[in-house]
Amino acid sequence: MKISIIGGGAIGLLCAAYLAPKHDVTVFVRTQSQKAQLREKGLTLFLANKEEQHHFTVELFENWDGAGDLSIITVKQYQLLPVMKKVTELSSEIRGLLFLQNGMAHLEALNSLAVEELYVGIVEHGVMKLDSTSIRHTGIGAIQIASLPFKDQVRLNLTGTILEQDSIPGFLVQIQPDPIWMMQKKLVVNCLVNTLTSILEVTNGQLLENPHYKRLLAPFLAEITDTFGWNEQKKETCKQYVWKVIKQTAANKSSMLKDIEAGRETEIDAILGYVLKIAAQTNKHLPLCAAYYAMLKGKEQERKGGI
């Protein structure tokens, strides 16, 4: 299968490392520097005590033409605008798209895309980008994907089925029937983990290991899940999922904490901001979400030198 990966960050490079041995993979990156380094050195993947070298085609994003069987969009929410513009321009050339973003703010924009196969997904792996040509796979999970059907027809999950059948150890791909439930669960994870680790400046695992930090999780979780109107069974299922992901990525710094430390823009608007937007539509007041959101926006502005 011919696969294009849009984005040379941690998730994009992780996908490339595992998919390149089985598929024809091209990674499209933003900078000439990363393109040159990956072409020269290849990608180094660190996993436990192992070190692997991977090679694949690397091009600049401006040269992506939408060709092939599947394009995997791995850029962050706030980097989606130029990608979506190009997707719209190339829609007649694109067979399959898979979006792997935190949050759910992009779902509305995807409804208007007319491509043969359209997927959204969530990443349960722990992965750290060490530099432009190396990553550390710190927690093995899975990539869950779900199809977004057209308004009045059901499409075949051909590309997704191939990915699922070709799953390899350490990089499982699993098809889910309900994209909203799948993404809401991951959104809750992102709200709790990214937000709290960024405020407290701790690794993911410390949210459960430190009893004081752990006490913050339950009321925060309850406020978010009440917003979605879930029953008790769904709430408990989501809680277990959150705990599982924290344990799987215990050694990781969250992507938002790394953005804060680097003085970059964060995805807080697409994550916690999305929950606050949903709550506002039903006149619900979320004091914890609002307080944590303000803390992160202030921290983001301060680190970016805006104060």
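None of these values were measured; they are calculated from a predicted model.

Draft legend 1. Region of interest: the layout of surface pockets. The volume enclosed by the largest pocket comes to roughly 1300 Å³. Together, 49 residues line the largest pocket, and Gly 9, Ala 10, Ile 11, Thr 74 and Lys 76 are the ones closest to its centre. Of all elements in the fold, only α1 (10-19), β2 (24-29), α3 (80-90), β8 (117-123), β9 (126-131), α6 (179-200) and α10 (255-262) reach the threshold of two or more residues within the lining of the largest pocket. The element best represented in the lining of the largest pocket is α6, accounting for 5 residues. A class-by-class count of the residues in the lining of the largest pocket yields 18 nonpolar, 20 polar and 11 charged. In this structure, the second largest pocket spans a volume of roughly 420 Å³. What lines the second largest pocket is a set of 21 residues, and nearest its centre among them are Met 104, Ala 105, His 106, Leu 107 and Glu 108. Mapped onto the lining of the second largest pocket, the elements with two or more residues apiece are α3, α4 (107-110), α6 and α11 (268-281). A per-element tally of the lining of the second largest pocket places α11 first, with 5 residues. Among the residues forming the lining of the second largest pocket, the class breakdown is 13 nonpolar, 5 polar and 3 charged.

Conventions adopted
- Residues numbered from 1 in each chain as written.
- Predicted model: local features only at pLDDT ≥ 70, side-chain atom pairs only at ≥ 80, totals over all residues.
- Heavy atoms only, no water.
- 1 Å grid on protein atoms, 1.4 Å probe; cavity = no way out; pocket = protein on both sides within 12 Å on 5 of 7 lines; lining within 4 Å.
- Points joined across faces, edges and corners; volume = space filled by probe spheres on them.
- Helix = DSSP H or I, 4+ residues; strand = E, 2+ residues; numbered from the N terminus.
- Nonpolar A, V, L, I, M, F, W, Y, C, P; charged D, E, K, R; others polar.

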